[in-house]
Amino acid sequence: MITRDIQAFLRLANSLAPDFGPPTARAAFLVAPDGFTRAEQSARDNLYMADAGEYDADRASEEHRELHRALAADLPTICFAGNPDTPDAVYPNNVFATVPGRTIIGRMRHPVRQREALRADIRGFFRDTLGYGEIDLSTQEHPCELTGAVVIDRARGLGFCGLSGRCDEEGAVLVHEALGLRATLIFDLASDEYHTNLVLAVLAGRAALICPDGFAQPEVVDAIAALYAPHGIVLSPAEHAAFVGNAISLSPHKVWMSTLAHRSLAPTTLAALESAGFEVGSVGLAAIEAGGGSLRCCVGEIF
């Protein structure tokens, strides 16, 4: 099922057992922020990006190395070299996604990011080293920026796809089919949002962080909160602005976010995460966040 019908989606979602697959990845990959600068094409529809003078490539590289070290304590984590010709490549989850035995390559909206899909080393790693099959969506016409646009509940096989210039409705269908999901709810993001994973995080299939201002329809927020009750955690505008919605669980009992996000957590949010069985881990990413994404955007998951 792929639908805009909230009630139909909820009826099916509530009937599904958490037996679609493992709720968290078996490994992760990163792409180093080599040549990290403001990409003006991306800035056209990413209001989170800082002005060019606020970018600090050296500091971003230091932060990224610390991120690699921190995540490697949770699960095997590898890092591919960056490329100054692809200044946004530090956010690879929009371009590459996996399910067991298969890699999906997305179609990026902006040409500066479409270059990332041509990476022979990353493609070859999945194809030749891991033996994964490949679904290449990068050459078709519909933007579909993978796990930037579609937040996935891997335990139940559910997708939550917010439409924007980074993923249209046809692109959502392509991603739904490529990932083999059981059901995907399609909805509109707020007009100034570009990626769903900045306003929604599903944590190990049993909790959700939800930024209501990022959704065009309050009914969608209510539905997701109800689906993950009692662990559907609605965030404040301040938490939203600090990238709390851009969090990720890479193991069943830990949620990762940036230091900015961690420090912004309201006591009620922290208590709700603890009630859901999550410890919070964080890494300082202030320089990387100048690029308009935070910790989750930096992480490619390997299932």
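### Let's talk about the overall build of the chain
So, step 1. Across its full length, the chain holds 13 helices and 16 strands.
So, step 2. Relative to a compact globule of 303 residues, whose C-alpha radius of gyration would be 19 Å, the chain shows 17 Å and is just as compact.
So, step 3. Its C-alpha atoms give the chain principal-axis dimensions of about 45 × 40 × 35 Å.
So, step 4. Taking the intrachain contacts of the chain between residues at least 6 apart in sequence as the baseline, contacts between residues at least 24 apart amount to 76%.
So, step 5. Split by element, the accessible area of the chain, about 11,300 Å² in all, is 52% carbon and sulfur.
So, step 6. Separation between the mean location of the 24 positive side-chain charges and that of the 38 negative ones in the chain comes to 5 Å.

### So, the sheet that holds strand S8 (residues 158-163)
So, step 1. Pairing within the open sheet is mixed, and its 4 strands lie in the order S1-S9-S8-S7. At either end of the open sheet lies a strand with only one pairing partner, and these are strand S1 (2-3) and strand S7 (150-153).
So, step 2. Pairing geometry for S8 and strand S9 (residues 183-188), over 6 bridges, is parallel. In the strand pairing of S9, Cys 161 is matched with Ile 186.
So, step 3. Docked against the sheet, helix H1 (residues 6-15) engages S1, S8 and S9, running at close to 150° with respect to S9.
So, step 4. Contacts from helix H7 (residues 169-179) reach S1, S7, S8 and S9, with the element oriented near 160° to S9.

### Quick word on the packing of H1 against helix H8 (residues 218-227)
So, step 1. Two numbers describe how H1 lies on H8: the axes approach to 11 Å, and their chain directions differ by 10°. Between H1 and H8, the crossing angle belongs to the class labelled roughly parallel. Within the contact between the two elements, H1 uses Ile 6, Phe 9, Leu 10, Ala 13 and Asn 14 and H8 uses Glu 219, Val 220, Ala 223 and Leu 227.

### Quick notes on the packing of aromatic side chains
So, step 1. Under the defined criterion, the tally for this structure stands at 12 aromatic pairs.
So, step 2. Here a set of aromatic residues connected by ring pairs shows up, and it is made of Phe 29, Phe 80, Phe 96, Phe 125, Phe 126 and Tyr 132.
So, step 3. Note that Arg 206 overlies the ring of Phe 278, its terminal NZ or CZ placed 4.1 Å from the centroid.

### Some words on the pattern of salt bridges
So, step 1. The tally for this structure, following the rule as stated, stands at 17 salt bridges.
So, step 2. A salt bridge links Asp 19 to Arg 182, with the shortest nitrogen-to-oxygen separation between them at 2.7 Å. Of this pair, Asp 19 sits in the loop between H1 and strand S2 (27-31) while Arg 182 is found in the loop between H7 and S9, placing the two residues 163 residues apart along the sequence.
So, step 3. For Asp 19, a relative accessible area of 52% translates into the label exposed.
So, step 4. Residues participating in the shared-partner salt-bridge network are Asp 45, Arg 109, Glu 145 and Arg 166.

### Description of the side chain of Asn 93
So, step 1. Mapped onto the fold, Asn 93 is located in the loop between strand S3 (77-80) and strand S4 (96-99).
So, step 2. Setting aside residues up to four positions removed in sequence, Asn 93 forms contacts with Glu 145, Leu 146, Thr 147, Gly 148, Asn 197, Arg 296, Cys 297 and Val 299.

### A closer look at the nonpolar core
So, step 1. Of all hydrophobic cores here, the largest spans 47 residues; its most connected members are Leu 158, Phe 160, Leu 209, Phe 215, Ile 224, Met 257 and Leu 273.
So, step 2. Where this core is concerned, the elements lending two or more residues are H1, S8, S9, strand S10 (200-203), strand S11 (207-210), H8 and strand S14 (254-258).
So, step 3. Ranked by the residues each element gives to this core, the list is headed by H8, at 6 residues.
So, step 4. Excluding residues that lie within four positions of it along the chain, Leu 158 makes contacts with Phe 9, Ala 13, Leu 16, Val 151, Ile 152, Asp 153, Leu 181, Ala 183, Leu 227 and Tyr 228.
So, step 5. Residues Ile 248, Leu 250, Cys 297 and Cys 298 belong to the second largest nonpolar core, which totals 28 residues.

### Concerning the environment of Ser 236
So, step 1. Tracing the backbone through its elements, the reader meets Ser 236 in the loop between strand S12 (232-234) and helix H9 (237-241).
So, step 2. You can call Ser 236 partly exposed: its relative accessible area is 28%.
So, step 3. The spacing of Ser 236 and Ala 155 is 81 residues in sequence and 27 Å in space, taken between C-alpha atoms.

### Remarks on the environment of Ile 6
So, step 1. Among the structural elements, Ile 6 can be located in helix H1.
So, step 2. Judged by its relative accessible area of 12%, Ile 6 falls in the buried class.
So, step 3. In this structure the C-alpha to C-alpha distance between Ile 6 and Gly 82, which are 76 residues apart in sequence, comes to 40 Å.

### Some points on the sheet that holds S10
Working definition: the strands of a sheet are paired by backbone hydrogen bonds and lie parallel or antiparallel to each other.
So, step 1. Pairing in this open sheet of 3 strands is mixed, and the strands run S10-S11-S12 from one edge to the other. At either end of the open sheet lies a strand with only one pairing partner, and these are S10 and S12. Between one strand and the next, the sheet's axes are offset by a mean angle of 15°, whatever the strand orientation.
So, step 2. With 4 bridges connecting them, S10 and S11 associate as antiparallel partners. In the sheet register, Leu 203 faces S11, and the bridge partner there is Ala 207.
So, step 3. H8 rests against S10, S11 and S12 of the sheet, and its axis sits at about 155° to S11.

Scoring rules and cut-offs
- Residues numbered from 1 in each chain as written.
- Predicted model: local features only at pLDDT ≥ 70, side-chain atom pairs only at ≥ 80, totals over all residues.
- Heavy atoms only, no water.
- Helix = DSSP H or I, 4+ residues; strand = E, 2+ residues; numbered from the N terminus.
- Rg over C-alpha atoms; globule rule 2.2 N^0.38 Å.
- Contact = heavy atoms within 4.5 Å.
- Areas by Shrake-Rupley, 256 points an atom, 1.4 Å probe, with all protein chains shown as cover.
- Lys, Arg positive; Asp, Glu negative; His and termini not counted.
- Charge placed at Lys NZ, Arg CZ, Asp CG, Glu CD.
- Pairing = 2+ DSSP bridges.
- Axes fitted to C-alpha atoms, helices over the stretch in contact; angles between N-to-C directions.
- Parallel < 35°, antiparallel > 145°, perpendicular 65-115°, else oblique.
- Phe/Tyr/Trp six-rings, centres within 6.5 Å; stacked < 30°, edge-to-face > 60°.
- Lys NZ or Arg CZ within 6 Å of the ring centre and 35° of its normal.
- Salt bridge = Lys/Arg side-chain N within 4 Å of Asp/Glu carboxyl O.
- Buried < 20%, exposed > 50% of the residue type's maximum accessible area, 1.4 Å probe, protein only.
- Core = buried A, V, L, I, M, F, W, Y, C linked by side-chain atoms within 4.5 Å.

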